[in-house]
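Here are the chains, one letter per residue:
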Amino acid sequence: MVTASMYTYLVLKDYPSIGQIQHVMLQERIVPIFAIASNRSIEHFKDMREQLQLTSYIDELNPSSANILDLIREGYNSLAQNIELLLPTDIEGVNILVRPLCDQTSGVACTNIARGETASFEVSIEVTDCAAAQRKQNITLRYPFLAVSIDVELEVLCDCDCAMELERNSTTCNYRGDFVCARCQCDNTRGFGRSCECELEEGDDPNKDQGNGNNRCPIGLNNLMCSGNGNCTCNKCECKDDFEGDACENQCICANGCGGVSNGRCVCGRERNNPSCMCMEPFEGKFCNCTKDTSTCTANIEENIEANIELCSGNGACNCGACDCNDDCRGALCDRCQDQLMCQLHRACVQCELVRDGKANVVPPNDCDNSCKTSRFVDPVNTTTTHTINGFTANRCSFTDNSNCFYTFYVALNDDFELQTLEIENMLRCSRSSSSSTSALIWIIPVAIVVGLLVLGFLILLLIKVFLLILDYVEVRQFERSVRDAEGKLAQTSQPLYQSPVVQYQNLAYGIEKKENK
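Source: prediction; values computed, not measured.

(A) Broad picture of the nonpolar core. One finds V350, L354, Y407, F409, V411, L422 and I424 to be the most contacted residues of the largest nonpolar core, which totals 15 residues. Of all the elements in the fold, those that place two or more residues in this core are α4 (338–345), α5 (347–356), β31 (395–400), β32 (405–411) and β33 (422–425). It is β32 that contributes the most residues to this core, four residues altogether. In this structure, F34, I36, L52 and L86 belong to the second largest nonpolar core, which totals nine residues.

(B) Summary view of a nonpolar patch on the surface. Among the surface-exposed residues, I445, I449, L453, L456, I460, L461, I464, F467, L468 and L471 lie close enough to one another that they form a single nonpolar patch of about 990 Å² accessible area. Within the fold, L453 resides in helix α7 (residues 434–492). The exposure class of L453 is exposed, given its relative accessible area of 56%.

(C) Main features of the state of the cysteines. Tallied over the entire structure, the rule returns twelve disulfides. What pairs with C173 in a disulfide is C184, and their sulfur atoms sit 2.0 Å apart. Residues C173 and C184 are joined by a disulfide whose S-S torsion is about -95°; by sign, that bridge is left-handed. With C173 in the loop between β11 (148–155) and β12 (177–180) and C184 in strand β13 (residues 183–186), the pair connects residues that are eleven residues apart, well separated along the chain. One exposure class covers both C173 and C184, and it is buried. The disulfide partner of C226 is C237, and the gap between their sulfur atoms is 2.0 Å. Looking down the S-S bond of the C226 and C237 bridge, the torsion is -95°, so its handedness is left-handed. Linking C226 in the loop between β15 (198–199) and β16 (230–233) with C237 in strand β17 (residues 236–239), this pair joins segments that are eleven residues apart in sequence.

(D) Geometry of the confidence of the model for the chain. Looking at the chain, pLDDT values average 76 and 76% of them are 70 or higher. Highest mean pLDDT in the chain belongs to strand β24 (residues 316–319) (87); lowest belongs to strand β1 (residues 2–3) (56). Of the regions scoring below 50 in pLDDT, residues 301–308 engages in six contacts with residues more than four places distant in sequence or in other chains.

(E) Inspection of the packing of aromatic side chains at higher detail. As enumerated under the stated definition, the model contains three aromatic pairs in all. Ring centres of F34 and F45 lie 5.8 Å apart, and the angle between their planes is 45°; on these two criteria the pair is classed as tilted. With F34 in strand β3 (residues 33–37) and F45 in helix α2 (residues 42–52), this pair connects stretches of sequence that are eleven residues apart. A residue is classified by how much of its surface remains accessible, and F34, at 14% relative accessible area, is buried. Ring geometry for F399 and F409: centres 6.3 Å apart, planes at 75°, overall edge-to-face. Here F399, found in strand β31, pairs with F409, found in strand β32; they are ten residues apart in sequence, far enough to count as distant. Among the aromatic side chains, those forming a connected cluster through ring pairs are F399, Y407 and F409.

(F) Main features of the sheet that holds strand β5 (residues 83–84). Here we have three strands laid out as an open sheet, ordered β5-β8-β7, and antiparallel in their pairing. Two strands bound the open sheet, and with one partner strand each, they are β5 and β7 (105–106). As defined by bridge partners, β7 adjoins strand β8 (residues 109–110) across two bridges and the pair is classed as antiparallel. Bridge assignment links S106 to a residue of β8, and that residue is A109.

Reading the values: rules and limits
- The written sequence of each chain sets the order in which its residues are numbered from 1.
- Reporting in this predicted model follows two pLDDT cut-offs: at least 70 for local features of residues, and 80 or more for side-chain atom pairs to be given and counted; totals over whole chains, interfaces and linings ignore these cut-offs and use all residues.
- Excluding hydrogens and water, the side-chain values take into account all heavy atoms of the structure.
- Here, nonpolar core means buried Ala, Val, Leu, Ile, Met, Phe, Trp, Tyr and Cys residues that are tied together by side-chain atoms lying within 4.5 Å of each other.
- In this scheme, a residue with accessible area under 20% of its type's maximum is buried, one over 50% is exposed, and one in between is partly exposed, where area comes from a 1.4 Å probe on protein chains only.
- Comment: elements are numbered from the N terminus, with helices defined as DSSP H or I runs of at least four residues and strands as E runs of at least two.
- Patches in this entry comprise residues that are over 30% relatively accessible and not in a salt bridge; like charges within 9 Å are linked, as are nonpolar side chains (Val, Leu, Ile, Met, Phe, Trp, Tyr) within 5 Å.
- Accessible surface is estimated by sampling points in the Shrake-Rupley manner with a 1.4 Å probe; for residues, cover comes only from the protein chains shown.
- In what follows, salt bridge is the name for a side-chain nitrogen of Lys or Arg lying within 4 Å of a carboxyl oxygen of Asp or Glu.
- By disulfide we mean two sulfur atoms from cysteines, separated by a distance within 2.5 Å.
- The predictor rates its confidence in each residue with pLDDT, a number between 0 and 100.
- Contact definition: two residues touch when any of their heavy atoms are within 4.5 Å.
- Each aromatic pair joins two rings of Phe, Tyr and Trp (for Trp, the six-membered one) with centres within 6.5 Å, and gets the label stacked for planes under 30 degrees apart, edge-to-face for over 60, and tilted for any other angle.
- Whether two strands pair depends on DSSP finding at least two bridges between them.

Spelled out as structure tokens, the structure:
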């Protein structure tokens, strides 16, 4: 009770018991993180954690408590990466077994679970005492850290009518037992296991209870079946790749640690003391320290569009993510070669020396004062023979500048890639400036376009004139044909435009009267 900001029940109330703390934490789904001062015993809290039977994290807090946030962060990560199901311990007549189905386990817990990875468990519930077990009850499997629980409704059937439906030598039981009441009753002389899949070996006692085949394996480290490092199959431990031994108690150790957990893991060989590394992509090699990724052997295209996308610039091989250059090349990408790089580096030197000596009438580079160290002029060299400088084979370099002048020089390096004296041919060959030809081309193109348009217009007009002449010719021919047709018709009939001036009239009554008088 609190009165005037003072707790007054200090002498009336006792500290909560371990059982009460456990009950409240399970009910509220609390995962404790113990930050222990350096002057207190951590062992005491570890003992309390064992009694609580709860998932928790314990670490030492420094005197200034400056590491409190780091301690909480480490505790959270440690708890999140390790998953362990909490089983009820007060159920009479029922035995519950948990087997983690994960790559890395510690006891009945899955360890080092990465984000997005699934942790799987196999839970076996076996009724050991049918009389003591409750007929119907709920069993809760908890994982407090994620506030997750699984409720299993268990109904114990000690007697049932299914015994009448018996299938002898059932296929479900691998022909080694009878299938009755949804389970196999194995013939102990032929096999054992859930489906009688396990065979008896020579020397095995057929009268010995072999269980269900996965709960009679050797007990190893930490008093765990198969030391928690394997699966129990047919009462024999099937160890994980990096463990061996009858109880999977021996961990295989590979040299160099297989490059770390991200590169590979150690796998025990068939013969004892012969482990080897099983590499993960993209690593390979005996110790998984060699990557198949070749992106480190190419230039960064995003930074330089003109970068060479060939592996090692085409001057070496990409081994384990690094370039193994040819003898005449150096650099991380083998892009510094004797014949290529030296020619590029000494162009400015050659121009400066020829301009300084009056052999070239071009604009010199800006860094002529510092471009050359040692150089000399030589007469043109016969290209059919090998040229040497101070006993070292020289490479012939040539280039053309913006003034259309052609330069030739020779570069030689010693065995340590140190430059020998630079030799420059004293004959500079320059062709006619391309500027005049360029300007001429600028005028020729529009003139050619105009002339072409005029010629095209003339051709179009000529075609129109020819078309009109043909049309007039056709019309004249049609007119002449119509005239000839008209003349032919007039020749056959009287002229419609001519009439005779003589007109004859006849008295119709003349002669009639004369006949009547007779």
